[in-house]
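Residue-level structure breakdown
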Amino acid sequence: MIRNILRVIIPLLFIGLGVMGIRYFISTRPAVETEEKSQLIPVVRTVKTELQKIRLTVSSQGTVGPRAETSLVPEIAGRVIYVSPSLVVGGFFEENEVLLRIDPYDYRLAIAQAESAIAQAELNLEKEKAEAAVARQEWDDLGKEGQASPLVLREPQIAYAEASLASAKASLELSRRNLEKTEIKAPYAGRVRQKNVDIGQYVSPGASLAQLYSVDVAEVRIPLPDSDLEYLDIPLNYRGEDPRETRGPEVLVKTEFAGKEHTWKGRIVRTEGEIDPASRMLYAIVQVQDPYGRSSDRNKPPLAIGMFVNTEIQGRLVSDVVALPRSAVRDNNTVWIINSDNRLEFREVNVLKSETNRILIDKGLLNGELICISTLDAVVEGMEISVAVDSEDLTAEVAS
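All chains use their own residue numbering, which begins from 1 and follows the written sequence. Given that this is a predicted model, residues contribute local features only at a pLDDT of at least 70 and side-chain atom pairs are listed and counted only at 80 or more, while totals for whole chains, interfaces and linings are drawn from all residues. The side-chain figures draw on all heavy atoms in the structure; neither hydrogens nor water molecules are used.

Remarks on the overall build of the protein chain
When helices and strands are tallied, the protein chain shows three helices and 23 strands. Residues classed as buried in the protein chain amount to 35% of the 400 residues present. The contacts in the protein chain between residues at least 6 apart in sequence include a share of 75% that link residues at least 24 apart. A 1.4 Å probe and the Shrake-Rupley method give the accessible areas. Residues count as covered only by the protein chains that appear here. Total accessible area on the protein chain stands at roughly 25500 Å², and carbon and sulfur atoms take up 50% of it. Segments assigned H or I by DSSP are reported as helices when at least four residues long, segments assigned E as strands when at least two residues long, and all are numbered from the N terminus. Here the term buried applies to any residue with accessible area under 20% of the maximum for its type, exposed to any over 50%, and partly exposed to those in between, with areas from a 1.4 Å probe on protein chains only. Contact between two residues is taken to exist if any of their heavy atoms lie within 4.5 Å; hydrogens are not considered.

Here it is, written out as structure tokens:
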């Protein structure tokens, strides 16, 4: 009985002692000192706005092609007796340079035969004129009444003799022209793309002897989207206008060759007549003068046909525009302004043009305002900001 009582009392005794100990420690513990949490002010980089005049540019790309390309064909038949050293693949030639000659012997004989035919025709004409004069005199001497018929007066015979003389002269002119065609000359200063003939070969009219292209001017066909046309003074061709009087914007043509970037100056001379139905692009033609001429830089290559190039087109000059780095403009065309109290202010702006390294703003900003270009995780309008970098230190980031 007593053992059962002790089994109940002893645990209750330990529990009571534990509760008393806990209460003692709680009552004697030191008071906790509370500390107010300090507010963290983010440090950001900024750029200062500057209203300025900026020349807009539009970038595009294309492949260099020739201004003119020609298939060299003979107009007469014969054996080739001379081929110019310039008539090789890649060879240069000048305008009116003799590229090859066809044997002229048969054509010189044709000239001699035509000259003989002219002499014979002239003799026949003189005979007919003399006989006509005799026929008229005889008619008058006989004292016949009425008008003599044209046949009696040999008028048809004279007309035939005159026609024969004109035909003989035309044959001589044709023979002389054929003799001139035995020398095939270059139609312009150019270069040989393909050669299909050599000395001793017999050629026929219309056979392709070589493929040539001009080298005085190179052309680059570049696509321009409709959205970029507002930045450019592109010559649009209208009916009745002389395209030679159209002066398009200047273009900087760039390409990388042998590990270095090289540039040439060109100009847009015309636009093509149609909008590409697949891409909705308008194609413009850029011309570069003397693409194969040697420049002052001995290491600069020629602007060779087939090169892929990038182009930078000079556009319109706009005023009161602010150039900002791309990181300064947020979604929905918003920028973060830091006001005079170092607090953040959201402002919507109008983007005139977005370029590779910068964005041009033409409405919504004043001169000298500070723009935040840092990225913040939690942003609230009116929050306090600390500026880490002076605006002048970041000017290079928005340079054109």
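There's plenty left to go through after this.
Structural notes on the sheet that holds strand β11 (residues 210-214)
An order of β4-β11-β9-β6 is seen for the four strands of this open sheet, with the pairing classed as antiparallel. Edge positions in the sheet fall to β4 (69-72) and β6 (92-93), since each has one partner strand and no second. Only strands that DSSP links by at least two bridges are regarded as paired with each other. Where strand β9 (residues 190-195) lies against β11, five bridges are found, and the strand directions are antiparallel. Bridge pairing in β11 places Lys-195 opposite Ala-210.

A short note on the pattern of salt bridges
Basic side-chain nitrogens of Lys or Arg form a salt bridge, by our definition, when they fall within 4 Å of a carboxyl oxygen of Asp or Glu. In total, this model carries 16 salt bridges according to the counting rule given. Of the charged contacts, one joins Asp-233 and Arg-316 as a salt bridge, the two residues approaching to 2.9 Å between their closest N and O atoms. Note that Asp-233 is positioned in the loop between β12 (217-225) and β13 (250-257) and Arg-316 in strand β16 (residues 308-325), a separation of 83 residues in sequence. Residue Asp-233 is classed as partly exposed on the basis of its relative accessible area, which comes to 48%.

Description of the nonpolar core
Counting 27 residues, the largest nonpolar core has Leu-224, Val-253, Leu-303 and Ile-313 as the members making the most contacts within it. Looking at this core, the elements that each hand over two or more residues are β3 (52-66), β12, β13, β14 (260-275), β15 (281-289) and β16. Tallying contributions element by element places β16 first for this core, with five residues. Not counting residues within four places of it along the chain, the set of residues in contact with Leu-303 comprises Val-64, Ala-218, Val-253, Trp-264, Val-288, Pro-291, Tyr-292 and Val-309. Definition used in this section: a nonpolar core is a set of buried Ala, Val, Leu, Ile, Met, Phe, Trp, Tyr and Cys residues joined via side-chain atoms within 4.5 Å. If you look at the next biggest cluster of nonpolar residues, it comprises 20 residues, including Val-83, Leu-99, Val-192 and Leu-212.

Here we look at the packing of aromatic side chains
Stacked, tilted and edge-to-face pairs are distinguished by plane angle, under 30 degrees for stacked and over 60 for edge-to-face with tilted covering the rest, among Phe, Tyr and Trp rings (Trp via its six-membered ring) whose centres lie within 6.5 Å. Summed over all chains, the structure comprises two aromatic pairs. Ring centres 5.4 Å apart and planes at 70 degrees place the aromatic pair Phe-92 and Tyr-292 in the edge-to-face group. With Phe-92 in strand β6 and Tyr-292 in the loop between β15 and β16, this residue pair connects regions lying 200 residues apart in the sequence. Residue classification places Phe-92 among the partly exposed positions, given a relative accessible area of 40%. Think of it as a cone above the ring: NZ of Lys or CZ of Arg counts as a charge over the ring if it is within 6 Å of the ring centre and within 35 degrees of the ring normal. Across the ring face of Tyr-82, the terminal group of Arg-101 is positioned such that the distance to the ring centre comes to 4.8 Å. The ring of Tyr-283 has Arg-221 lying over it, and the distance from NZ or CZ to the ring centre is 3.8 Å.

A short note on the confidence of the model for the protein chain
Along the chain, pLDDT gives the predictor's confidence residue by residue, from 0 to 100. Per-residue confidence for the protein chain gives a mean pLDDT of 85; residues scoring 70 or more make up 85%. Across residues 391-397, where pLDDT falls below 50, the model places 14 contacts with residues more than four positions away in sequence or in other chains.

Some remarks on the side chain of Thr-311
Relative to the elements of secondary structure, Thr-311 occurs in strand β16. For Thr-311, a relative accessible area of 3% puts it in the buried group. When near neighbours in sequence (up to four residues on either side) are disregarded, Thr-311 contacts Val-58, Ser-59, Ser-60, Gln-61, Ile-222, Val-251, Leu-252 and Val-253.

Description of unusual backbone geometry
A positive phi is found at Asn-96, a non-glycine position, where the angle reads about 70 degrees. Mapped onto the elements, Asn-96 comes out in the loop between β6 and β7 (98-102). In this model, Asp-290 sits at a positive phi of 50 degrees, which is unusual for a non-glycine residue. Along the polypeptide, Asp-290 turns up in the loop between β15 and β16.

Thoughts on the sheet that holds strand β10 (residues 202-203)
Here we have four strands laid out as an open sheet, ordered β8-β7-β5-β10, and antiparallel in their pairing. Each end of this open sheet is capped by a strand with a single partner; those strands are β8 (183-185) and β10. Bridging between strand β5 (residues 78-83) and β7 involves three bridges; their strand directions are antiparallel. When the bridges of β7 are listed, Tyr-82 appears paired with Arg-101.

Digging into the environment of Leu-51
Here Leu-51 lies in the loop between β2 (46-48) and β3. Leu-51 sits in the partly exposed class, given a relative accessible area of 34%. Taking C-alpha positions, Leu-51 is 4.7 Å from Asp-320, a pair spaced 269 residues apart along the chain. Beyond its immediate stretch of four places on either side in the chain, Leu-51 contacts Asp-320, Val-321, Val-322, Leu-365 and Asn-367.

Things to note about the pairing of strand β21 (residues 358-363)
Of the pairings in the sheet, the one linking β16 to β21 comprises four bridges and is antiparallel in character. Looking at β21, one finds that Ala-323 is bridged to Leu-360. The sheet contact formed by strand β20 (residues 350-354) and β21 spans four bridges and is antiparallel. Across the sheet, the residue bridging to Ser-354 is Ile-359, located in β21. Linking β20 to β21, which pair antiparallel, is a turn of three residues.

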